[in-house]
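Architecture and fold: a report
Single-letter residue listing:
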Amino acid sequence: MSNNMYVIAVMLTACACNFFTRVFPFLLFSKSDKLPGFIQYLGKYLPPCVMAVLVVYCIKGINFASLAGFMPMLISVVAVVLLHLWKRNNIISIAGGTVLYMILVQVVFAR
Amino acid sequence: MDKKAFRYALVQTMPVMIGYLFVGAAFGLLLADAGYGLPWAAGMALIVYGGSLQFALLPMITAHTNLLTVAVMSLSISSRQMFYGLSLIERFKKMGKKALYMIYSLCDETYSVLITDVPEGIDRQKFDFYVAALDMCYWVSGCSLGNLFGALIPFDTTGIDFAMIALFVVICTEQWIGSKNHLPAITGMVCGVVSLILFGADSFILPALASSMLVLMLVKNKVEVSENE
């Protein structure tokens, strides 16, 4: 197999697997006219739960061996929450937190 | 084209745009360094369409990893997405032919915007479609531009990918403010952290999501009762 063919095969494999995980719940429940009660319940209350897990997923790389390993992330996440509770404006919270994080990793806690 | 829904989708996906352009650019640049030009960068962004997945494919391509291993890795990296559709089944069903595209493009960031409420007067279905399409445009643009010009970015972009984490944190905060019952959010946080400690960073996401789902089922009565108060 030539290299180009190989890379295309890798892409298609990854695409199929990725799509499978995305379509999985739809395959399970597409036939039923009315969703089972517990799926309706999960569908309603899972999102806040999943978002919390996703935040943990994003910050999983922090390490407590040095201050630089966790302080920028910790400070910036707290800053985003506080900014958002204060102004309740997505752009301000996200831009503010991101700029703060960049300053922290590039300047304050620079290695 | 529903201008009102489009404009709202544009505003709501702004953080995704910033994150995707720069993270995509980082990927495009790595791909260029490995010797793959624009068609590969754009093609991979469009066909694979998964951030962490694409980054994981790079070393595998260089090492000529066999396809079975690629499949197993892809499934495990993407597995968290199995939990996203549960909340969107009814909504996507109503979208007819577009449903397939909505499922295909259901990444972390799109999911996180889709589960937030929209104000009255905004067409939900159109908004959902615009969000999915815009996010994909940002990602393909980021990967392509980074592949072409990544080496020319004049400032240090280290840390700019925090925009996506910030987006998730904002959505968590919004959901916290907007719901009477905080059990689901607390469940996710606790299961996430406990699984992270027990299973380590590389393999905690599935146990975290599965255990959250289980706990949510166990506290079903509590959650529903307090919501109806």
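1. A look at helix H4 (residues 51-62) of chain B
- Turning to H4 of chain B, its buried residues are Leu53, Gln54, Ala56, Leu57, Leu58, Met60 and Ile61 of chain B.
- Its buried side turned inward, H4 of chain B meets helix H1 (3-29) of chain A together with helix H2 (14-33), helix H3 (38-47), helix H5 (67-78) and helix H9 (124-149) of chain B.
- His64 of chain B sits one or two residues past H4 of chain B and shows a positive phi near 55 degrees.

2. Overview of H2 of chain B
Residue and element names in this part refer to chain B.
- Taking 1.5 Å per residue, 20 residues should reach 28 Å; H2 reaches 29 Å between its end C-alpha atoms and fits that length.
- Taken residue by residue, H2 has Pro15, Val16, Gly19, Tyr20, Val23, Gly24, Ala25, Phe27, Gly28 and Leu31 as its buried positions.
- Positive phi shows up at Gly35, right after H2, with a value of about 100 degrees.

3. Quick notes on the interface of chain B and chain A
- The interface is formed by 90 residues belonging to chain B together with 66 residues belonging to chain A.
- For the pair chain B and chain A, the two sides together bury roughly 7,000 Å², of which 78% comes from carbon and sulfur.
- Across the contact surface, chain B and chain A share one salt bridge.
- Joining chain B to chain A, the criterion identifies 22 residue pairs in polar contact (both at pLDDT 80 or more).
- With 14 residues, the single largest contributor to the side of chain B that touches chain A is helix H10 (residues 162-178) of chain B.
- When grouped by side-chain class, the residues that make up the side of chain B that touches chain A number 58 nonpolar, 23 polar and nine charged.

4. Comments concerning the pattern of salt bridges
- What the rule picks out here adds up to six salt bridges over all chains.
- One salt bridge in this structure joins Glu174 of chain B and Arg88 of chain A, with 3.0 Å as the shortest N-O distance. With Glu174 of chain B in helix H10 and Arg88 of chain A in the loop between helix H3 (67-87) and helix H4 (90-108), the pair connects residues from two separate chains.
- On the basis of relative accessibility, which here comes to 46%, the residue Arg88 of chain A falls in the partly exposed class.
- Across the pair Asp123 of chain B and Lys126 of chain B runs a salt bridge, and its minimum N-O distance is 3.6 Å.
- Three or more residues are tied together by salt bridges with common partners; here these are Arg91, Arg124 and Asp128 of chain B.

5. Here's the deal with the packing of aromatic side chains
- Considering all chains together, one arrives at 16 aromatic pairs over all chains under this definition.
- An angle of 45 degrees between the planes, with centres 6.2 Å apart, marks the rings of Phe19 of chain A and Tyr104 of chain B as tilted. With Phe19 of chain A in helix H1 and Tyr104 of chain B in helix H7 (residues 98-104), this residue pair bridges two chains.
- On the basis of relative accessible area, Phe19 of chain A is assigned to the partly exposed category, the value being 24%.
- Residue classification places Tyr104 of chain B among the partly exposed positions, given a relative accessible area of 23%.

6. Points about unusual backbone geometry
- Positive phi, normally seen in glycine, also occurs at Arg88 of chain A, with a value near 55 degrees.
- At Tyr49 of chain B, a residue that is not glycine, the phi angle is positive and equals roughly 45 degrees.
- Looking at the secondary structure, you find Tyr49 of chain B in the loop between H3 and H4.

7. Examining the side chain of Ser87 of chain B
- Relative to the helices and strands, Ser87 of chain B is located in the loop between H5 and helix H6 (89-93).
- Owing to a relative accessible area of 19%, Ser87 of chain B belongs among the buried residues under this scheme.
- A distance of 2.8 Å separates the side chain of Ser87 of chain B from the backbone oxygen of Gly43 of chain A, its partner in a polar contact.
- Excluding residues that lie within four positions of it along the chain, Ser87 of chain B makes contacts with Leu42, Gly43, Leu46 and Pro47 of chain A together with Tyr111 of chain B.

8. A look at a nonpolar patch on the surface
All names here are of chain B.
- A cluster of nonpolar side chains, contributed by Trp176, Ile186, Met189, Val190, Val194, Leu198 and Phe199, occupies part of the molecular surface with about 660 Å² of accessible area.
- The leading source of residues in the nonpolar patch is helix H11 (residues 183-199), at six residues.
- Following the sequence through the fold, Val190 ends up in helix H11.

So, how was this worked out
Residues numbered from 1 in each chain as written. Chains lettered and ligands numbered in written order. Predicted model: local features only at pLDDT ≥ 70, side-chain atom pairs only at ≥ 80, totals over all residues. Heavy atoms only, no water. Buried < 20%, exposed > 50% of the residue type's maximum accessible area, 1.4 Å probe, protein only. Helix = DSSP H or I, 4+ residues; strand = E, 2+ residues; numbered from the N terminus. Contact = heavy atoms within 4.5 Å. Expected span 1.5 Å × (residues − 1). Buried area = accessible area lost by both parts, 1.4 Å probe. Salt bridge = Lys/Arg side-chain N within 4 Å of Asp/Glu carboxyl O. Polar contact = N/O pair within 3.5 Å; in protein donor to acceptor, adjacent residues only side chain to side chain. Nonpolar A, V, L, I, M, F, W, Y, C, P; charged D, E, K, R; others polar. Phe/Tyr/Trp six-rings, centres within 6.5 Å; stacked < 30°, edge-to-face > 60°. Patch = residues over 30% accessible without salt bridge, like charges linked within 9 Å, V, L, I, M, F, W, Y side chains within 5 Å. Areas by Shrake-Rupley, 256 points an atom, 1.4 Å probe, with all protein chains shown as cover.

Remember that the coordinates give geometry; whether it matters functionally is a separate question.
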